[in-house]
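Architecture at a glance
Here is what each chain is made of, one letter per residue.
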Amino acid sequence: MAVVSTIPNLKKRIVRNNGIAFIIIVFLSVCSSFVYLSFDVTDASLYSISSYTKQVLHRLPEGIVASYYVSSNLENISSVPAEIRDILMEYQRFSYGRLMMQIAPLDNATDLSMIERLGIQPQQIDLSDSVRSDSQMVFSGLVISYQERQEVIPLVFNSLVFEYEFTTALQRLITGKKPEIAVVFGNNDFSLSTTHQYAHQELRQQFSVTEYTRGQSIPSTIDAVFLIGAKDLRRSDIVLIDNYLVQGGSVLVAASAVHVDIQQNLAEFVLPESHPFLEWLDYHGVRLRRALVLDRECNPILVQNVSEGIEYQEMVPYPHWIHISGNAGNPMQLLTERFAGLDVYWTSPIRLVPAQDRTISPLLHTGASSWILENDLAIDPHRAGESRQQTGDFDGNYIVAGLVEGVFHSWSSFHSEPGTSRLLVVGDEDWTSDLMNYSNAWYNLAFLHSIADWFVFDSDLLAIRNKTLRDTRLHRIENQDIFRMRALAVQFFHIVLLPLGILVFGFLYSRKARK
């Protein structure tokens, strides 16, 4: 009797619980229309805006409009438009009405010439498959307007770097100017228009880049100076750069103690010990060795060979052209903690000397399989591979990039109020040149851009850029013993441990079921 009487009560409880659950679901659905919540559990918060961006949004004036122009057909073939809209929603939410968003879908009836006049560039998308070959021209770009000023992001095809692009564009829009970078070439055959076109194209998106001639005075208002090459520098040229540095300036030096002339059949020129450039670096705590580092972790070079009277070309490993992998960066430095890699060509090792008013930080080093050549540099690609047997100096892990920060005292008789300065030295003059196209080293541009950001902007902005930088090469583990051990560990887990774990679980579960 008692059992029968509990049945209606049980039905009542089920109905009541279902009703409560339904009310909760309806309540949460209504709340979701007014409250936007998202959770980003990825490494480095790849899909949410940073606290630095939120601070920038809080400081914005009212009246900024961001218009996202996107082709309607792109929605059907890519997830990028939806991802960009989600990020734009976050920007608008944290701006508290200061930033207004507009989504402008483009279809066949849209005047595309007007869109191109705004500065938005078309992008061709490959839609080919095993059956047919096809491609479409699409648009995806952002126009940001404030009063009479306008900033354009012509291509928006990567949601991972969109926060960096959008936040820096907002800063330029509000300030009304780009930070200024002065480029000084220490070699007569270098220029932005001939040998450094890729670097110029990369930097001028965010910065005002001006090539200064040697001997031209550099104003203290310049945000950063890039000194590239040293062969033709005179003492008077270096004095002007030193005057800028000691006043609290930031200077990148990309120079080797060995100049290799690509146009003259790889002719080499070693800087003499008395060269004023070497004296200047040594005075500020950076000793550039008059030698070259070589490494088995290298890029190939195209050489001409002859066999039985027949000429042919082939790619051979060239240990002078070193690939520095992502795990070779100093993890304690923001500039290299998420380092994506760097290709260097004819690189001199450096040694950092501490001083009372300055701090030193190694940034990049070569691999364990590297060695040094000091006398016979073996520039000829046919001889480079044999050079490791001709030297006893192959300890590996040589420093090729380092940083000195603090108060710098004048190398000359220049008198000024000292400030906190930065001197970053990479022992190679070619890593910023168009030679990167030869080895497909576009991460060189990323490193160069990161240096410029770190010199000019707040370090938090560099952190936004760094969170998308990784070394994606398959040979990131350069020590082959470690690589083999990890491969064996993965095989042991999948072939032995995982099946054994399933069998043990099944045995224990069946025993429990029988009981």
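Let me begin by describing the structure that accompanies this report. Here the structure is a predicted model, which is why all the values come from computation and not from measurement.

All right, on to the overall build of the protein chain then. Counting secondary structure elements, the protein chain contains 13 helices and 21 strands. Looking at the protein chain as a whole, 44% of its 515 residues qualify as buried. When contacts within the protein chain are restricted to residue pairs at least 6 apart in sequence, long-range pairs at least 24 apart make up 73% of them. Just so you have it, the protein chain exposes about 27,200 Å², and 55% of that area is on carbon and sulfur atoms.

Turning our attention to the environment of Phe455. Locating Phe455 in the fold gives a position in helix 11 (residues 443–456). If near-sequence neighbours (up to four positions away) are discounted, Phe455 is found in contact with Ala224, Phe226, Ser250, Val251, Leu252, Arg422 and Leu424.

One pass over the structure, following the stated rule, counts 11 salt bridges. The partner of Glu374 in a salt bridge is Arg289, with the nearest N and O atoms 3.2 Å apart. Of this pair, Glu374 sits in the loop between strand 19 (370–373) and helix 10 (381–384) while Arg289 sits in the loop between strand 12 (286–288) and strand 13 (292–295), and the two are 85 residues apart along the sequence. With relative accessibility at 42%, the residue Glu374 sits in the partly exposed group. A cluster of three or more residues bridged by salt bridges with shared partners is formed by Arg214, Arg234 and Asp237.

This next bit is on the sheet that holds strand 8 (residues 224–228). Strand order in this open sheet of 7 strands is 7-6-8-9-21-20-18, and the pairing throughout is mixed. Taken across any chain shown, the strands that pair with only one partner, and hence form the sheet edges, are strand 7 (208–212) and strand 18 (358–365). Ignoring strand direction, the axes of neighbouring strands in this sheet form an average angle of 15°. Here 7 bridges tie strand 20 (residues 399–407) to strand 21 (residues 420–426), and the two strands are oriented antiparallel to one another.

Let us look at the environment of Val138. By the element assignment, Val138 lies in strand 4 (residues 135–146). Val138 sits in the buried class, given a relative accessible area of 0%. Here Val138 is in contact with Ser71, Asn73, Leu74, Gln121, Pro122, Gln123, Ile125 and Phe157, once residues within four sequence places are set aside.

To continue, consider a nonpolar patch on the surface. Residues Phe492, Phe493, Ile495, Val496, Leu497, Leu498 and Ile502 make up a contiguous nonpolar surface patch of about 660 Å² in total accessible area. One can find Ile495 in helix 13 (residues 480–514). Given the relative accessible area of 63%, Ile495 is considered exposed.

Now for helix 2 (residues 51–58). Within helix 2, burial applies to Tyr52, Thr53, Val56 and Leu57. For helix 2, the arc enclosing every buried residue in end-on projection is 140°, short of the 170-degree limit, so these residues lie on one face. Among the structural elements, helix 4 (80–95), strand 2 (99–106), helix 6 (159–175) and helix 12 (459–466) are those in contact with the buried residues of helix 2.

Tallying each qualifying case throughout the model produces 15 aromatic pairs. The interplanar angle of 35° and the centroid separation of 5.4 Å between the aromatic rings of Phe162 and Phe166 together place this pair among those described as tilted. Of this pair, Phe162 and Phe166 both sit in helix 6, 4 residues apart, which is roughly one turn of the helix. Accessibility expressed as a relative area gives 0% for Phe162, which makes it buried. For the ring pair Phe185 and Phe190, a centre distance of 6.1 Å and an interplane angle of 80° mean the geometry is edge-to-face. A residue is classified by how much of its surface remains accessible, and Phe185, at 4% relative accessible area, is buried.

Moving on, we get to helix 4. Across its 16 residues, helix 4 extends 23 Å between first and last C-alpha, which sits within 8% of the 22 Å expected from 1.5 Å per residue. Restricting attention to buried positions, one finds in helix 4 the residues Val80, Pro81, Ile84, Ile87, Leu88, Glu90, Tyr91, Phe94 and Ser95. In the core, the buried residues of helix 4 are packed alongside helix 2, strand 1 (64–71), helix 3 (74–77), strand 2, strand 4 and helix 6. With its phi angle positive at about 55°, Tyr96 sits one or two positions after the end of helix 4.

Attention now moves to unusual backbone geometry. Although it is not a glycine, Tyr96 sits at a positive phi angle of roughly 55°. At Gln147, a residue that is not glycine, the phi angle is positive and equals roughly 55°. When you line up the elements, Gln147 lands in the loop between strand 4 and strand 5 (149–153). Under the relative-accessibility criterion, Gln147 is labelled exposed at 61%.

Attention now moves to the packing of helix 4 against helix 6. The packing of two helices is summarised by the inter-axis angle and the distance between the axes. Running from N to C, helix 4 and helix 6 cross one another at 40°; their axes reach a closest spacing of 10 Å. If you check the angle between helix 4 and helix 6, you find them oblique. Of the two elements, helix 4 crosses helix 6, and the hand of that crossing is right-handed. Of the residues in helix 6, those in contact with Glu83, Ile84, Ile87, Leu88 and Tyr91 of helix 4 are Ser159, Phe162, Glu163, Phe166, Thr167 and Leu170. Residue composition of the contact of helix 4 with helix 6, grouped by class: 7 nonpolar, 2 polar and 2 charged.

Cut-offs and rules
- In this numbering scheme, every chain counts its residues from 1 along its sequence in written order.
- Local features in a predicted model are, by the rule used here, given only for residues with pLDDT of at least 70; side-chain atom pairs are given and counted only at 80 or more, and totals for whole chains, interfaces and linings are based on all residues.
- Just so you know, side-chain values use all the structure's heavy atoms and leave hydrogens and water out.
- Helix and strand definitions follow DSSP, with helices as H or I runs of at least four residues and strands as E runs of at least two, each counted in order from the N terminus.
- Think of it in three bands: with a 1.4 Å probe and only protein chains considered, a residue is buried below 20% of the maximum accessible area for its type, exposed above 50%, and partly exposed in between.
- Whether two residues are in contact is decided by their heavy atoms: any pair within 4.5 Å suffices.
- Using a 1.4 Å probe, the Shrake-Rupley method yields the accessible areas, and only the shown protein chains count as cover for residues.
- The salt bridge definition used is simple: a Lys or Arg side-chain nitrogen within 4 Å of an Asp or Glu carboxyl oxygen.
- When DSSP finds two or more bridges between two strands, those strands count as paired.
- Axis lines are fitted to C-alpha atoms, over the contacting stretch for helices. Their N-to-C directions set the angle, which ranges from 0 to 180 degrees.
- Residues form patches when they are more than 30% accessible in relative terms and have no salt bridge. Like charges link within 9 Å. Nonpolar side chains (Val, Leu, Ile, Met, Phe, Trp, Tyr) link within 5 Å.
- Taking the helix axis as origin, the arc is that swept by the directions to the C-beta atoms.
- What counts as a ring pair is set by centres within 6.5 Å for rings of Phe, Tyr and Trp (its six-membered ring), and what kind of pair is set by the plane angle: stacked under 30 degrees, edge-to-face over 60, tilted for all other angles.
- To estimate how far a helix should reach, multiply one less than its number of residues by 1.5 Å.
- By definition in this entry, angles of less than 35 degrees are roughly parallel, angles greater than 145 are roughly antiparallel, angles of 65 to 115 are roughly perpendicular, and the rest are oblique.
- Working rule for handedness: look at the near helix, and if it is turned counterclockwise from the far one by less than a right angle, call the crossing left-handed; if clockwise, right-handed.
- We call Asp, Glu, Lys and Arg charged. Ala, Val, Leu, Ile, Met, Phe, Trp, Tyr, Cys and Pro are nonpolar, and the rest, Gly among them, are polar.

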